[in-house]
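Chain and residue survey
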Amino acid sequence: MIKRQIHYFLTAILFFTRIPCPKWVNHSPEILNKSSRYFSLVGIVVGSIAALAYFASAYIFPTDIAIVISMISSIWITGAFHEDGFADVCDGFGGGWTKEKILTIMKDSRLGTFGVSGLVFILAIKFLTLYHLQNLSVNLILVIISGHSISRFIATVLLYTHEYVRDIDSSKIKPTTKQMSSKSLLISAIFGIVPLFFFQKPAIFLVLLPLLLAYLYMGRFFKKWIGGQTGDCAGALQQVAEIVFYLSLLALWKLF
């Protein structure tokens, strides 16, 4: 039982990061579906690495440079997995007007104008919100870890509630979780929300409202245009949810 759970967790690590795993770990469709319960835990791991990069860099460099180094570390450790999904969604929904066209564009490995613009703006907002949060004396290490975990939980909610969209040419679709159980969603929720308790500030849970709104809007948008979700859609939601979390924290600290 424990060995099986370790296998699921390491599968999630293998699929979403560059962290080396034992050779016996694989991401077959069945194992990958089971591993979805640990997506938020992977967020804690990635967030911890990014937070450590910030903590170490802040001793040597100014805060803004330390934040950039932290962002680079998270992109490197994940292979820009979610950023790539966000860019694909920007290109697909920005340039396509039918389901078939959107899915075709999203499968294209080339990056278009919408994708480049989306990445520039979302990375800029991420940097600016983290920078201003640090100026408000918020624990940025905890913020970074929480941002990565809670945003991945929001993405798993999309996997649970929305049907996976299969394209005709399925051979070119990125591997992804196609079906998620209620048990997996609950485990993901625990790992996603637990870091918020360390803020020791009850008002922190108010961030769940804007995160819910972001999920509802993007979920409805995906449903309207392509009838469900793909791995790229989940990646895009993770990126948006992370930004919404940082922006919500910034608003909370100024209000309270």
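Residue numbers here run from 1 along each chain, matching the order of that chain's written sequence. Since the coordinates come from a predicted model, pLDDT governs what is reported: local features require at least 70, and pairs of side-chain atoms require 80 or more to be given and counted, while whole-chain, interface and lining totals use all residues. Only heavy atoms go into the side-chain values, all of them from the structure, while hydrogens and water stay out.

Some thoughts on the UniProt feature "transmembrane region" (unreviewed entry) in the chain
UniProt positions are given in the numbering used here, feature names are shortened, and annotations may be inferred rather than shown by experiment. With numbering matched to this structure, UniProt assigns "transmembrane region" (unreviewed entry) to residues 37-61, 111-133, 139-160, 180-198 and 204-222. The way it works is that DSSP assigns letters per residue, a run of H or I at least four long becomes a helix, a run of E at least two long becomes a strand, and they are numbered from the N terminus. The span residues 139-160 is 95% helical and 0% strand by assignment, and the distance between its end C-alpha atoms comes to 32 Å. Secondary structure across residues 204-222 comprises 79% helix and 0% strand; the distance between its end C-alpha atoms is 28 Å.

Quick look at the pattern of salt bridges
When a carboxyl oxygen of Asp or Glu is within 4 Å of a side-chain nitrogen of Lys or Arg, the pair counts as a salt bridge. A full pass over the atoms with the stated rule returns two salt bridges. Of the charged contacts in the structure, one is a salt bridge between aspartate 108 and arginine 110, with a shortest N-O distance of 2.8 Å. As a salt-bridge pair, glutamate 242 and lysine 126 come within 3.5 Å of each other at their nearest N and O atoms. One end of the pair, glutamate 242, is in helix H11 (residues 231-255); the other, lysine 126, is in helix H7 (residues 113-135), and 116 residues separate them in sequence. Of the two residues examined, glutamate 242 and lysine 126, each falls in the buried class. Buried residues are those whose accessible area, probed at 1.4 Å on protein chains only, stays under 20% of the maximum for their type, while exposed residues exceed 50% and partly exposed ones sit between those limits.

Section: the environment of serine 73
Secondary-structure assignment places serine 73 in helix H4 (residues 63-78). Serine 73 sits in the buried class, given a relative accessible area of 14%. For serine 73 and isoleucine 49, which are 24 residues apart along the polypeptide, the C-alpha to C-alpha distance reads 7.3 Å. Here serine 70 takes part through its backbone oxygen, which lies 2.6 Å from a polar atom of the side chain of serine 73. Side-chain atoms alone can form a polar contact between residues adjacent in sequence; in general such a contact is a pair of N or O atoms within 3.5 Å, and within protein one must be able to donate a hydrogen while the other accepts it.

Brief notes about the packing of helix H3 (residues 39-58) against H4
H4 packs onto H3 with a crossing angle of 150° between their chain directions and a minimal axis gap of 8 Å. Overall, the two elements H3 and H4 adopt an arrangement that is roughly antiparallel. Remark: the crossing between H3 and H4 carries right-handed chirality. Note on element contacts: H4 touches H3 through Thr63, Ala66, Ile67, Ile69, Ser70, Ser73, Ser74, Ile77 and Thr78, opposite Val46, Ile49, Ala50, Ala51, Ala53, Tyr54, Ser57 and Ala58. Across the contact of H3 with H4, the residue classes break down as eleven nonpolar, six polar and no charged. As a rule, the C-alpha atoms of each element are fitted with a line to give its axis, helices using only the stretch in contact, and angles between N-to-C directions run from 0 to 180 degrees. Working definition: roughly parallel below 35 degrees, roughly antiparallel above 145 degrees, roughly perpendicular at 65 to 115 degrees, and oblique for all remaining angles. Crossing handedness is defined as follows: a turn of the near helix away from the far one that is anticlockwise and smaller than a right angle gives a left-handed crossing, while the clockwise case is right-handed. Contacts are assigned to residue pairs with any non-hydrogen atoms lying within 4.5 Å of each other. Nonpolar residues are Ala, Val, Leu, Ile, Met, Phe, Trp, Tyr, Cys and Pro. Charged residues are Asp, Glu, Lys and Arg, and all others, Gly as well, are polar.

Brief notes about the nonpolar core
The term nonpolar core refers to a set of buried residues drawn from Ala, Val, Leu, Ile, Met, Phe, Trp, Tyr and Cys, joined through side-chain atoms within 4.5 Å. Ranked by internal contacts, the top residues of the largest apolar core, which has 71 residues, are Val143 and Phe245. For this core, the element with the most residues is H11, which contributes 13 residues.

Notes on the packing of aromatic side chains
Whether two aromatic rings pair depends on their centres lying within 6.5 Å, for rings of Phe, Tyr and Trp, where Trp uses its six-membered ring; planes under 30 degrees apart make the pair stacked, over 60 edge-to-face, and the rest tilted. Counting across every chain of the model gives 17 aromatic pairs. When the ring of phenylalanine 93 is compared with that of phenylalanine 222, the centres are 5.5 Å apart and the planes differ by 45°; the resulting orientation is tilted. Taken together, the positions of phenylalanine 93 in helix H5 (residues 81-95) and phenylalanine 222 in helix H10 (residues 208-226) put the pair 129 residues apart, joining distant regions of the chain. Overall, the relative accessible area of 13% leaves phenylalanine 93 in the buried class. We classify phenylalanine 222 as buried; its relative accessible area is 1%. Between the aromatic rings of tryptophan 97 and tryptophan 225, the centroid separation amounts to 6.1 Å while the plane-to-plane angle is 65°, which identifies the pairing as edge-to-face. Taken together, the positions of tryptophan 97 in the loop between H5 and helix H6 (99-107) and tryptophan 225 in helix H10 put the pair 128 residues apart, joining distant regions of the chain. By the ring-pair criterion, three or more aromatic residues cluster together here, those being Phe93, Trp97, Tyr217, Phe221, Phe222 and Trp225. Charges are assigned to positions over rings by a cutoff of 6 Å between ring centre and Lys NZ or Arg CZ, combined with an angular limit of 35 degrees from the ring normal. Its end group placed over the ring of tryptophan 253, lysine 201 keeps NZ or CZ at 4.0 Å from the ring centre.

Focus on the packing of H3 against helix H8 (residues 140-161)
Viewed as axis vectors pointing N to C, H3 and H8 meet at an angle of 155°, and their least axial separation amounts to 8 Å. Accordingly, the angle class assigned to the pair H3 and H8 is roughly antiparallel. Note that H3 runs across H8; the crossing there is right-handed. Contacts between H3 and H8 involve Phe39, Ser40, Val42, Gly43, Ile44, Val46, Gly47, Ser48, Ala50, Ala51, Tyr54 and Phe55 on the former and, on the latter, Leu140, Ile141, Ile144, Ile145, His148, Ser149, Arg152, Phe153, Thr156 and Leu159.

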